[in-house]
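For reference, the chains in residue letters:
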Amino acid sequence: MIGLISATAAGAAARDRLAAAWPDRVRVYDGPVGDAVRRAFAECEQLVCFLATGAVVRLIAPLLGDKASDPGVVCVDEGGRFAVSLVGGHGGGANELAREVGESLGAQPVVTTATDAVGVPGLDTLGLPVEGDVAGVSRALLDGEPVALRAEVVWPLPPLRVGADGAYTVRLTDRLVEPAEHEVVLRPPSLVVGVGASKGAPVDEVLGLIEGALADAGLAAGSVAELATVDAKADEPGIVEAAARLGVPLVTHAAAALAAVEVPNPSAAPLAAVGTPSVAEAAALVGGGELLVPKRKSAANPAMATCAVVRRPGRGRLAVVGLGPGARDLLTPRAKAELRRASVLVGLDQYVDQIRDLLRPGTRVLESGLGAEEERARTAVAEARKGQAVALIGSGDAGVYAMASPALAEASDDIDVIGVPGVTAALAAAAILGAPLGHDHVSISLSDLHTPWEVIERRVRAAAEADLVVTFYNPRSRGRDWQLPKALAILAEHRAPTTPVGVVRNASRPDESGRLTTLAALDPATVDMMTVVTVGNTATRDIAGRMVTPRGYRWQASREEAK
């Protein structure tokens, strides 16, 4: 929960705007401001104070304990111009909160944490348990000193500006090791613990068995990603509480799924009890991986719990990112976050140039020219399969005439794929024209480089007969100058010559242009590959110079009757 505190009418106005935008995330604290800050500090994970920075410093100073447990505090001036990350930038999430507040209120986020200021991800912001000399290694990264990465397991990390050698070290491991001098240890969630238990097994027996198995194998409890068991044990108190104490989710599987897993130590007892010859080993192995600890029983007599430990291979991460139509303010916050998370960026050279300034230092950029779409898709998937965090970029929405489909055609289930939607060219053009897509509509590419013209023509004819608004992508180029006139002629067989047509070039970019014409008056020679052409249906109208397709027809009929 985020606590909101203000002292003046101006501050309360900005506070109420944020409260209205985030109704499920915030709690307003009224009353004397000192009491409000103290209550919010004790009860909330984060605070946003609409007060002068000096006042907030004086109010929270006596309350500060430890940066690992203090809430993140953001200070917003009463004019709503700046959102300052004051305390708990990393551990308390204040840096990200300042950015979110800035997005919501139109304020400038102010983040002074050293790593954020130079674009290096903080070692304590990677979402992994971290131990060791965080301050020293972070300073070395900031100062450009050689820092070595010792990756004992594969895991997708953001660019960290690390190499093979250095006096400082980032060690990525699930082994139970103590950090050396000038070393940071990152714990990836690579371990799955399979658990079986008799009815009524005490939590201390279950937890003691797990902790002992990990310690004997030299494995870190901080790298346990989940406890896994059979569906029949989903509510077994000892297992449920053990997962809660370890701070990991409890994942359950159907007995039939576990019975299909080949294990080294099957048993008749669980087969009779829950329908599978293995619970602990099978539950740990069901997702694949290396069995590090075969089934072992607890020390109690009789033993009421079993466990097994598996290391699952790190999965590469492929984010397919839509950059929008070109304007920076139409690039979504989620897209920006994925660009900064990626250690490898793959994209068309002109699109890379659009967002190069958003990349973190050390990001490896693999760019190529027009016509290499399939090669880029294969490259992005191959890099992800190496365990990298990859961003594959495309204009508009990456799933619309862009890179998502060739990438997903190459990818299998051995990597994680994240789709990041973007504003399409059709939507950007529609916003300029008015509301041409107010009813059913279709987008059709007129490029026959990948699709036979016979197929394109059949689709245009179907859209014409169905009275759909049509947006044409790739309408005309130097080598393809007849397809647009042909498509317009097909539409003209079903629509009046006065049907509105919108023509938008370079939507959202500095040289953007848009105009409204008609099906009869449109000159195809004025259209190129940077243009989107939107043809209305039989209900589309030119209203005050805007292209409008009604969502329904009753209001349009009454409008015609009134004339």
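If you're wondering where the values come from, they're calculated on a predicted model, not measured in any experiment. (Residues numbered from 1 in each chain as written. Predicted model: local features only at pLDDT ≥ 70, side-chain atom pairs only at ≥ 80, totals over all residues. Heavy atoms only, no water.)

Enquirer: What exactly am I supposed to notice about helix H2 (residues 33-43) here?
Expert: Along an α-helix, residues three or four apart share an orientation, since each turn contains 3.6 residues. What H2 keeps buried is the set Gly34, Ala36, Val37, Ala40 and Phe41. Buried residues of H2, viewed axially, fall in a sector of 160 degrees; they line one side. Of the surrounding secondary structure, the elements contacted by the buried residues of H2 are strand S1 (2-6), strand S3 (46-50), helix H3 (53-60) and strand S4 (72-76). (Buried < 20%, exposed > 50% of the residue type's maximum accessible area, 1.4 Å probe, protein only. Helix = DSSP H or I, 4+ residues; strand = E, 2+ residues; numbered from the N terminus. Arc of directions from axis to C-beta. Contact = heavy atoms within 4.5 Å.)

Enquirer: Looking at this structure, I do not really get the nonpolar core. What am I missing?
Expert: Considering soluble globular proteins, one finds that nonpolar side chains tend to be buried as a cluster. In terms of nonpolar packing, the biggest core is built from 23 residues, with Val193, Ile210 and Leu227 touching the most fellow members. Elements supplying a minimum of two residues to this core: strand S11 (191-197), helix H7 (203-216), strand S12 (224-230), helix H8 (237-246) and strand S15 (305-311). With seven residues, H7 is the largest single contributor of residues to this core. In contact with Leu227, other than residues within four places in its own chain, are Val193, Val195, Ile210, Ile239, Ala242, Ala243, Leu246, Val248, Pro249, Leu250 and Val251. Judged by nonpolar contacts, the second largest core, of 21 residues, contains Val460, Val501, Leu519 and Val527. (Core = buried A, V, L, I, M, F, W, Y, C linked by side-chain atoms within 4.5 Å.)

Enquirer: Looking at this structure, how should I read the environment of Ser508?
Expert: For Ser508, the location among the structural elements is in the loop between strand S24 (500-505) and strand S25 (513-518). For Ser508, a relative accessible area of 18% gives the class buried. Note: C-alpha distance between Ser508 and Ile239 (269 residues apart in sequence) is 55 Å. Those residues within four positions of Ser508 in sequence are excluded, and the remaining contacts are Pro325, Gly326, Ala327, Leu330 and Ile432. From its side chain, Ser508 meets the backbone nitrogen of Ala327 in a polar contact 3.1 Å long. (Polar contact = N/O pair within 3.5 Å; in protein donor to acceptor, adjacent residues only side chain to side chain.)

Enquirer: Can you walk me through the pattern of salt bridges in this structure?
Expert: Pairing of side chains with opposite charge becomes possible as their charged atoms draw close. Applying the stated criterion to the full structure yields 32 salt bridges. Between Asp30 and Arg15 there is a salt bridge whose closest N-O contact spans 3.5 Å. Taken together, the positions of Asp30 in the loop between strand S2 (26-28) and H2 and Arg15 in helix H1 (residues 9-21) put the pair 15 residues apart, joining distant regions of the chain. Exposure remark for Arg15: the relative accessible area of 11% places this residue in the buried category. Among the ionic contacts, a cluster of salt bridges with common partners joins Arg150, Glu152, Arg171 and Glu183. (Salt bridge = Lys/Arg side-chain N within 4 Å of Asp/Glu carboxyl O.)

Enquirer: Help me out: how do you make sense of the pairing of strand S17 (residues 344-348) in this one?
Expert: On a regular strand, one side chain projects to one face of the sheet and the next to the other, so that they alternate. Burial runs high along S17: five of the five residues are buried. Both S17 and strand S18 (residues 364-368) contribute to a ladder of five bridges, which runs parallel. Note on S18: the bridge partner recorded for Val344 is Arg364. Handedness of the crossover is the feature at issue here: the chain leaves S17, passes through helix H13 (residues 349-355), returns alongside S18, and the resulting connection is right-handed. Across three bridges, S17 lies against strand S19 (residues 389-394) in parallel orientation. Within S19, the position partnered with Val344 by the bridge is Val390. (Pairing = 2+ DSSP bridges. Right-handed = clockwise from strand over helix to strand, strands pointing away.)

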